[in-house]
Amino acid sequence: MTITITMTKNKATILAIETSCDDTCVAVIEAKGQKSPRFKILSNIVSSQVEVHRKWGGVYPTFAKREHQKNLVPTLKKALKKAKMLEIFNKFSNFNFQTLKEILSREEYLLKESEKFLKKYQKPRVDLIAVTIGPGLDPCLWVGVNFAKAIAFFWDIPIISVNHTKAHIFVNAINKKPLTQKDFPAVCLIVSGGNTQLFLMEDFKKYKILGETRDDAAGECFDKTAKILGLSYPGGPAIEKLTSQWKQKSSRGRASVILPRPMINQKNYDFSFSGLKTAVLYNFKSQTLKTRKNKQYIKEMCYEIQQAIIDVLIKKTIKAAKTYKAKTIILGGGVSANNELRRQFNYKLSTINYKLNFLVPPKNLCTDNAAMIAVTGYFRWKKIKKAEKWQDIKAVANLRIT
Ligand code: KG4
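This section reports on the structure supplied with the text. (Residues numbered from 1 in each chain as written. Predicted model: local features only at pLDDT ≥ 70, side-chain atom pairs only at ≥ 80, totals over all residues. Heavy atoms only, no water.)

Regarding the pattern of salt bridges
All told, the structure shown has 17 salt bridges when counted by the stated rule. When the shortest N-O distance is used, the salt bridge between Arg400 and Glu212 registers 2.8 Å. Of the two residues, Arg400 is situated in the segment after helix 13 (371-384) and Glu212 in strand 8 (residues 207-212); the sequence distance between them amounts to 188 residues. Residue Arg400 is classed as partly exposed on the basis of its relative accessible area of 42%. Through salt bridges that share partners, Asp216, Glu220, Lys224 and Lys277 make up one connected network. (Salt bridge = Lys/Arg side-chain N within 4 Å of Asp/Glu carboxyl O. Helix = DSSP H or I, 4+ residues; strand = E, 2+ residues; numbered from the N terminus. Buried < 20%, exposed > 50% of the residue type's maximum accessible area, 1.4 Å probe, protein only.)

Considering the site of the ligand
Surveying the vicinity of the ligand reveals 20 residues, the closest of which are Gly193, Asp223, Glu240, Gly334 and Asp368. Measuring from an oxygen atom of the ligand, one finds a backbone N or O atom of Gly193 at 2.7 Å. Between Asn338 and the ligand, the recorded distance is 3.0 Å, taken from a side-chain N or O atom to a nitrogen atom. When the ligand sits alone it has 550 Å² of accessible area, and the protein chains cover 90% of it. If you list the elements that add at least two residues to the shell around the ligand, you get helix 6 (164-170), helix 7 (218-228) and helix 8 (235-249). If you tally residues by element for the shell around the ligand, the top one is helix 8, at four residues. Residue classes in the shell around the ligand are distributed as five nonpolar, twelve polar and three charged. (Near = heavy atom within 4 Å. Polar contact = N/O pair within 3.5 Å; in protein donor to acceptor, adjacent residues only side chain to side chain. Areas by Shrake-Rupley, 256 points an atom, 1.4 Å probe, with all protein chains shown as cover. Nonpolar A, V, L, I, M, F, W, Y, C, P; charged D, E, K, R; others polar.)

Below, the structure written as structure tokens:
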């Protein structure tokens, strides 16, 4: 089969697959327009593995890969159904699955399920398949990449590879007011479980990394400190919930425990969160068994952990925005779902004496999802003006922004 481009110039329906960490995600979106495209989400399904990983307090890559294999076909089915694109074949066809067998030779279970699915359902009306190739967990990325290649080959649909970090930025283009050239230069802060990066975006194509974490990511710090305090995974939402309860009850309005704000006053734009995690561990260990179980103590620690992370993120981002005369600050990644981070960013920006746009995705698009991969796939297709050969697409666990 040959790969043909069927997209018209200004419109495309994109099917996207994302398996970089512990969520199996499939989405279908419609994209329209050239300079500042508009997007409509037809479906955006996330199959979460949180329950599988909860007992380890973090993601266990081997189990995550196994779960992606189990979840990919059902998640694709749900996404196509929601987008009204799931149609059963009305006549029997004799398919040749030889190449599919080669592509999915390392994913036996997924191969079996894919064969059943592809025999039963027709090719959807999709112009492009977008898939995350990195950064992320290597075994998880490969399952999604191989699955995307298999269906792209089988259905003869062009395929395009997507950088997960860029997708956390481009998802902001789904907002009512799409990004345009006037919004640049922009300073972007990507804060997730595996990434804390600050970079400058001069336009849709030009990126420069200003700084990044030297050890743990901000989300990882939320997850690991939550584990120390005996809270559930993922730690970010658990800490956020207890923080809001502590603030309501306290008359003092500030914590008596003071945790470090690592690197907050350094001139560079790098971050470090492992020292904060260690400070939490030492503080916790220094308490009596009774205090360690005391709800007020746990809530107070949560407040201080969250505030320490917020203080560092906001200070460094606003400093970068001022230095580079940014017109926009763009936030993305799972941690950007945090209400206090969003509120305090808005407040700090309101106290600055010039106008800075603040873009943050809707909460359901902050954490991993495939709609963001579809949007970014569309921009990338516009940029490189062609799809890629499915044979060339590979997972790159440590993929950087260029
Ligand atoms: O972007 P994401 O879904 O996955 C990747 O790491 O790529 O981010 C997950 C991270 C986890 O560390 C989780 O604890 C954190 O985002 N997170 C939050 C919140 N929701 C998710 N952190 C703080 N506050 C939240 N509301």
